[in-house]
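Examination of the molecular architecture
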Amino acid sequence: MKMVMAVVQDKDSPRLAQNLVKAGIRATKLASTGGFLHAGNTTFMIGVKDEEVDRVMEVIQSSCKSREQVVTPMSPMGNQLESYVPYPVTVQVGGATVFVLDVEQFQQY
Ligand code: 2BA
């Protein structure tokens, strides 16, 4: 068995949740926060048989899309404030960041 952990943008989360249900794939949604942008995102925990991983990947890929996001860096502390120009930086936020982990044991009581 495998645990697929997928970090997706909040905008794609409802579509992915719906498509997983349609495909008969069970999942748990966790509210998460990106370490870099500090923006909310959603982490899906999806426990499946090894042979179902490819199907899960297809559903994730077709439900999530990559977007550009503009970030303005925080102003520095101290006395260099007059010379500080906050250039916005564009980052590409992925459709989905996916980890596949081996599951040692699975029990439901
Ligand atoms: P964030 O950490 O908020 O990152 C958002 C986007 O910012 C990233 O998109 C990437 O394009 C950029 N970025 C992140 N760290 C950077 C850095 N140190 N320098 C320059 N640019 C940086 P994605 O790579 O598509 O990641 C989207 C979200 O997936 C991340 O949100 C984070 O929540 C999660 N993630 C990505 N890689 C991860 C990893 N190795 N481990 C755990 N979570 C990860």
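Refer to the preceding data block for the structure.
As the structure is a computational prediction, the values presented were derived from the model and not from experiment.

1. Remarks on the side chain of S32
- Note that S32 resides in strand 2 (residues 28-33).
- There is a polar contact of 2.7 Å between the side chain of S32 and the side chain of N41.
- Dropping the residues within four chain positions of it, S32 is found in contact with A39, G40, N41, T42 and T43.

2. Some details on the sheet that holds strand 1 (residues 2-9)
- Strand order in the open sheet formed by four strands is 2-3-1-6, and the pairing between neighbours is antiparallel. The sheet terminates laterally at strand 2 and strand 6 (96-102), the two strands that pair on one side only. Across the sheet, the mean angle separating the axes of adjacent strands is 20° when strand polarity is ignored.
- Direction of pairing for strand 1 relative to strand 6: antiparallel, over a ladder of seven bridges. Its bridge partner being in strand 6, M5 is matched across the sheet by F99.
- Contacting strand 1, strand 2 and strand 3 (40-48), helix 1 (residues 13-22) crosses the sheet at an angle of about 15° to strand 3.
- Lying on the sheet, helix 2 (residues 53-63) is in contact with strand 1, strand 3 and strand 6; it crosses strand 6 at an angle near 165°.

3. Structural notes on the side chain of D12
- As for its placement among the helices and strands, D12 is situated in the loop between strand 1 and helix 1.
- At 2.7 Å, the side chain of D12 forms a polar contact with the side chain of R15.

4. A short note on the pairing of strand 1
- Bridging between strand 1 and strand 3 involves eight bridges; their strand directions are antiparallel. If you follow V8 over to strand 3, its bridge partner there is T42.

5. A look at the pattern of salt bridges
- Within this structure, the stated rule accounts for four salt bridges.
- Among the ionic pairs, D102 bridges to K2, the shortest N-O distance being 2.4 Å. Within this pair, whereas D102 is found in strand 6, its partner K2 is found in strand 1, the two being separated by 100 residues in sequence.
- One network of salt bridges, in which partners are shared, links D12, R15 and R67.

6. Description of unusual backbone geometry
- Despite not being glycine, H38 shows a phi value in the positive range, around 60°.
- Mapped onto the elements, H38 comes out in the loop between strand 2 and strand 3.

7. A few points about the nonpolar core
- Among the nonpolar cores identified, the biggest contains 14 residues, and L16, I46 and I60 are the most heavily contacted of them.
- Breaking this core down by element, the ones donating at least two residues are strand 1, helix 1, strand 3 and helix 2.
- Of all the elements, helix 2 adds the most residues to this core, at four residues.
- Among all residues touching L16, those that are not within four sequence positions of it are V8, F44, V59, I60, S63 and C64.

Reading guide: rules and limits
- Residues numbered from 1 in each chain as written.
- Predicted model: local features only at pLDDT ≥ 70, side-chain atom pairs only at ≥ 80, totals over all residues.
- Heavy atoms only, no water.
- Helix = DSSP H or I, 4+ residues; strand = E, 2+ residues; numbered from the N terminus.
- Polar contact = N/O pair within 3.5 Å; in protein donor to acceptor, adjacent residues only side chain to side chain.
- Contact = heavy atoms within 4.5 Å.
- Pairing = 2+ DSSP bridges.
- Axes fitted to C-alpha atoms, helices over the stretch in contact; angles between N-to-C directions.
- Salt bridge = Lys/Arg side-chain N within 4 Å of Asp/Glu carboxyl O.
- Core = buried A, V, L, I, M, F, W, Y, C linked by side-chain atoms within 4.5 Å.
- Buried < 20%, exposed > 50% of the residue type's maximum accessible area, 1.4 Å probe, protein only.

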